[in-house]
Amino acid sequence: MPFEIGIKDLIDIVLVAAMLYYIYRLMKESRSLNVFIGIMVFILVWLFVSQIMEMRLLGSIMDKLVSVGVIGLIILFQEEIRKFLYSLGAHQRFRRISNIFSLVHHKEQEEDKETIMPIVMACMSMAKDKVGALIVIERGVSLDDIVDTGERIDAKIAQRLIENIFFKNSPLHDGAMVISKKRIKAAGCILPVSHDQDIPKELGLRHRAAMGISQSSDALAIVVSEETGRISMAIRGEFRLRLSAEELESLLAKEMQQP
């Protein structure tokens, strides 16, 4: 009987290829590419031994290894799996669907402006004096675990308060400030640091921390460089560098309107 390929088979092949490509990219970004290649080689050998050569003893041993190995892979790559599920849920098309069930009011846009301007003014003032700062703005994904690593403040957003927190002699100036629901929730927080090798060498630990939180959540991370006084923002794992006051305000206004 000749082997027939139907439309469903083609769709199946395309979906599997897309899934493998996405996993490949994910492993490459997390510097686990060699592990991914090793897993793929093992799967190919397993299929060859059990399905093509039909070696029962070796095939049964490898079957047991696969069943146990799945649990091991979930434990080993829990951060990558979390990132995959987050990026799937945060995809723009899914977010547009969710917008059908939410109401957006002009009042919220005005409140966003009241939140944005103190942040922009504080960043410009700190950039002028070359005061290092790292400000994280929570959006859809909760940052409660990050807030718990710092000192809770729960205060109204104000330019002078932000500048005082990041003042060089302040005990909280080395950590990150977390803004949630239009309030300063905490300061001195510890962020996950990105190990992405594509980050320019001249960018320091604050930038790597900003990249790390933007990769593991949908948060916005603003960095004021202590060395150069330049302002940057990390959004969805990408940097916007050397921002002016107008560019920073525009980016914040655009990104904070998104769910």
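The coordinates are above.
All of these numbers come straight from a predicted model, not from anything done at the bench.

1. Notes on the sheet that holds strand β6 (residues 231-235)
Sheet architecture is open: seven strands sit in the order β2-β4-β3-β1-β5-β6-β7, paired in mixed fashion. Each end of this open sheet is capped by a strand with a single partner; those strands are β2 (151-156) and β7 (238-240). Put simply, the sheet's adjacent strands are angled 25° from each other on average, direction ignored. Pairing geometry for strand β5 (residues 220-224) and β6, over four bridges, is antiparallel. From the neighbouring strand, Val-223 faces β6, where its bridge partner is Ser-232. Lying on the sheet, helix α9 (residues 205-216) is in contact with β1 (133-137), β5, β6 and β7; it crosses β5 at an angle near 175°. Relative to β6, helix α10 (residues 245-256) is tilted by about 20°, and along the sheet it contacts β1, β5, β6 and β7.

2. Some details on the pairing of β6
Of all five residues in β6, five are buried; the element is thus mostly enclosed. Side chains Ile-231, Met-233 and Ile-235 of β6 all project onto a buried face; the interleaved residues Ser-232 and Ala-234 project onto the opposite face, where all are buried too. Where β5 folds back on β6, the antiparallel hairpin that results is connected by six residues, among which Gly-229 adopts a positive phi of roughly 75°. Across three bridges, the pairing between β6 and β7 is antiparallel. Counterpart to Ala-234 in the pairing with β7 is Phe-239. Here β6 folds back onto β7, and the loop between the two strands holds two residues, one of which, Arg-236, carries a positive phi near 50°.

3. Regarding the side chain of Asp-218
On the secondary structure map, Asp-218 appears in the loop between α9 and β5. Within the buried core, Asp-218 has no salt-bridge partner, and the shortest N-O distance to an opposite charge, that of Arg-139, equals 4.5 Å. Within the structure, Asp-218 has its side chain in polar contact with the backbone nitrogen of Val-141 (distance 3.1 Å).

4. Looking at the pairing of β5
On a regular strand, one side chain projects to one face of the sheet and the next to the other, so that they alternate. In terms of burial, β5 is largely enclosed, as five of its five residues are buried. With burial as the criterion, each face of β5 is covered, one bearing Leu-220, Ile-222 and Val-224 and the other bearing Ala-221 and Val-223. With five bridges connecting them, β1 and β5 associate as antiparallel partners. Paired with Ile-137 across the strands is Leu-220, a residue of β5.

5. What about a nonpolar patch on the surface?
Side chains of Ile-5, Ile-7, Leu-10, Ile-11, Ile-13 and Leu-15 sit close together on the surface and give an oily, nonpolar patch of about 620 Å² of accessible area. For Ile-5, the location among the structural elements is in the segment before α1 (7-29).

6. Topic: the pattern of salt bridges
Counted under the stated rule, the structure contains nine salt bridges. Ionic pairing is found between Asp-148 and Arg-152, a salt bridge with its closest N-O pair at 2.9 Å. Taking the shortest distance from any N to any O, the salt bridge between Asp-154 and Lys-185 comes out at 3.7 Å. With Asp-154 in strand β2 and Lys-185 in strand β4 (residues 183-189), this residue pair connects regions lying 31 residues apart in the sequence. The exposure class of Lys-185 is partly exposed, given its relative accessible area of 23%.

Parameters at a glance
- Residues numbered from 1 in each chain as written.
- Predicted model: local features only at pLDDT ≥ 70, side-chain atom pairs only at ≥ 80, totals over all residues.
- Heavy atoms only, no water.
- Pairing = 2+ DSSP bridges.
- Helix = DSSP H or I, 4+ residues; strand = E, 2+ residues; numbered from the N terminus.
- Axes fitted to C-alpha atoms, helices over the stretch in contact; angles between N-to-C directions.
- Contact = heavy atoms within 4.5 Å.
- Buried < 20%, exposed > 50% of the residue type's maximum accessible area, 1.4 Å probe, protein only.
- Lys, Arg positive; Asp, Glu negative; His and termini not counted.
- Salt bridge = Lys/Arg side-chain N within 4 Å of Asp/Glu carboxyl O.
- Polar contact = N/O pair within 3.5 Å; in protein donor to acceptor, adjacent residues only side chain to side chain.
- Patch = residues over 30% accessible without salt bridge, like charges linked within 9 Å, V, L, I, M, F, W, Y side chains within 5 Å.
- Areas by Shrake-Rupley, 256 points an atom, 1.4 Å probe, with all protein chains shown as cover.

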